[in-house]
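Results of the structural survey
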Amino acid sequence: MTTISTIENETADGAPLPALLRTAPDRNCPLCPRLVAFREAARAREPSWFNSPVPSFGDPAARMAIVGLAPGMQGANRTGRPFTGDFAGDLLYATLIEYGFAKGVYRARPDDGLRLVDCRICNAVHCVPPQNKPLPAEINTCRQFLTATLGTMPKLRAIVALGRIAHDSTLKALGLRAAAAPFMHGAVHKAGSLKLYDSYHCSRYNTNTRVLTPDMFRAVFAKVKADLDS
Ligand code: SF4
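The rules behind these values
- Residues numbered from 1 in each chain as written.
- Predicted model: local features only at pLDDT ≥ 70, side-chain atom pairs only at ≥ 80, totals over all residues.
- Heavy atoms only, no water.
- Helix = DSSP H or I, 4+ residues; strand = E, 2+ residues; numbered from the N terminus.
- Rg over C-alpha atoms; globule rule 2.2 N^0.38 Å.
- Buried < 20%, exposed > 50% of the residue type's maximum accessible area, 1.4 Å probe, protein only.
- Contact = heavy atoms within 4.5 Å.
- Near = heavy atom within 4 Å.
- Nonpolar A, V, L, I, M, F, W, Y, C, P; charged D, E, K, R; others polar.
- Expected span 1.5 Å × (residues − 1).
- Axes fitted to C-alpha atoms, helices over the stretch in contact; angles between N-to-C directions.
- Left-handed = near helix turned anticlockwise from the far one by under 90°.
- Salt bridge = Lys/Arg side-chain N within 4 Å of Asp/Glu carboxyl O.
- Phe/Tyr/Trp six-rings, centres within 6.5 Å; stacked < 30°, edge-to-face > 60°.
- Lys NZ or Arg CZ within 6 Å of the ring centre and 35° of its normal.

Quick notes on the overall build of the protein chain
Helices and strands together make up the secondary structure of the protein chain, namely seven helices and nine strands. For 230 residues, the compact-globule estimate of 2.2 N^0.38 gives 17 Å, and the C-alpha radius of gyration of the protein chain, at 17 Å, lies within 12% of that figure. A principal-axis box enclosing the C-alpha atoms of the protein chain has dimensions of 45 × 40 × 35 Å. When burial is assessed residue by residue, the protein chain has 50% of its 230 residues classed as buried. For the protein chain, the share of sequence-separated contacts (at least 6 apart) that also reach a separation of at least 24 residues comes to 70%.

Structure representation (structure tokens):
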């Protein structure tokens, strides 16, 4: 059953929503020293890979945004497009195509011609972290780009947060109170005209352990689609 909560559209101290900032970091963004060192090591080891902060994918005029955690080493960090090249992308893009949020054939490479429809994909953290685990300070530092990305989507109505970290960082990016909107797979949190949909991350680990089944994942996007179409 879907849980719906309503959250207040203000920052914790009652201040207005955050000011708009740059939506994409520089290729050599220096703000997270640990991730910079990890990035440099990857560049030295795999010079043909993207190995840079991964930009958002999709139209800023879309009504739906998907917020992931961070690039995977062999996925977006290698190819330069979110969720492209590793298992998480297989399930995500198949689901987006099924519900009309993408068109084309996903071939796990950025030149496969796949187009997002009314959908934009971004990450809470733009650089690949060791063991897929960004530190709290890194999440906080990179949030300025998530804030700006969401803030420059004028038609935004639905945000799908993939996992608790994406959920928490999205709430902060929007200046919303976290306590009123705890993460739970399948939950929908309302904030004015905006809804935040929670899903477990579509990682190989979560699907292999059946924490997330393809049907559970499809149900989230079916709900978004129905809400946007209503
Ligand atoms: S994670 Fe974000 S803030 Fe940190 S170095 Fe990368 S792009 Fe910059």
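Further notes follow.
What to know about the site of the ligand
Neighbouring residues of the ligand: Pro25, Cys29, Leu31, Cys32, Leu35, Pro53, Val125, His126, Cys127, Thr141, Cys142 and Phe145. The element that contributes the greatest number of residues to the shell around the ligand is helix H4 (residues 136–151), accounting for three residues. The residue inventory of the shell around the ligand, partitioned by class, reads ten nonpolar, two polar and no charged.

Structural notes on H4
An ideal rise of 1.5 Å per residue puts 22 Å on 16 residues; H4 measures up with 22 Å between its terminal C-alpha atoms. Along H4, the residues that are buried comprise Glu138, Ile139, Cys142, Arg143, Phe145, Leu146, Thr147, Ala148, Thr149 and Leu150.

Looking at the packing of H4 against helix H5 (residues 164–174)
Interhelical geometry of H4 versus H5 gives an angle of 65° and a closest axis separation of 9 Å. Along this stretch, H4 crosses H5, giving a crossing that reads as right-handed. Taking contact as the criterion, the partners of Ile139, Asn140, Arg143, Leu146, Thr147 and Leu150 in H4 are, on H5, Ile165, Ser169, Thr170, Lys172, Ala173 and Leu174.

As for the pattern of salt bridges
Opposite charge on two side chains makes pairing possible when the charged atoms of those side chains draw close. The tally for this structure, following the rule as stated, stands at nine salt bridges. Linking Asp118 and Arg63 is a salt bridge whose minimum nitrogen-to-oxygen distance equals 2.7 Å. Placement of Asp118 in the loop between strand E5 (115–116) and strand E6 (119–123) and of Arg63 in the loop between strand E2 (57–58) and strand E3 (64–68) is noted, with a sequence separation of 55 residues between them. For Arg63, a relative accessible area of 24% translates into the label partly exposed. The salt bridge involving Asp111 is made with Arg109; its shortest N-O contact spans 2.6 Å. Judged by its relative accessible area of 54%, Asp111 is exposed. Judged by relative accessible area, which is 45%, Arg109 ranks as partly exposed. Here the salt bridges do not stand alone but share partners, grouping Glu98, Asp215 and Arg218 into one network.

Considerations on helix H3 (residues 87–98)
Helical periodicity: at 3.6 residues per turn, an α-helix aligns residues three or four positions apart in one direction. For H3, with twelve residues, the first-to-last C-alpha span of 17 Å sits near the 16 Å given by 1.5 Å per residue. Note on H3: the residue one or two positions beyond its end, Gly100, has a positive phi of about 80°.

Section: the packing of aromatic side chains
Within the structure shown, the criterion is met by four aromatic pairs. The rings of Phe57, Tyr93 and Tyr106 are connected pair by pair, giving a single aromatic cluster. Taking NZ or CZ as reference, Arg81 lies 5.5 Å from the ring centre of Tyr93, over its face.

Digging into the environment of Ile165
As for its position among the elements, Ile165 is in helix H5. For Ile165 and Phe101, which are 64 residues apart along the polypeptide, the C-alpha to C-alpha distance reads 23 Å. Sequence-distant contacts of Ile165, that is, excluding residues within four places in its chain, are made with Leu69 and Ile139.

Describing unusual backbone geometry
In this model, Asn51 sits at a positive phi of 50°, which is unusual for a non-glycine residue. Turning to its location among the elements, Asn51 is positioned in the loop between helix H1 (33–45) and E2. Backbone geometry at Phe83 places phi at a positive 60°, although glycine is not the residue there. Structurally, Phe83 can be placed in the loop between helix H2 (76–79) and H3.

In short, geometric facts, not functional conclusions.
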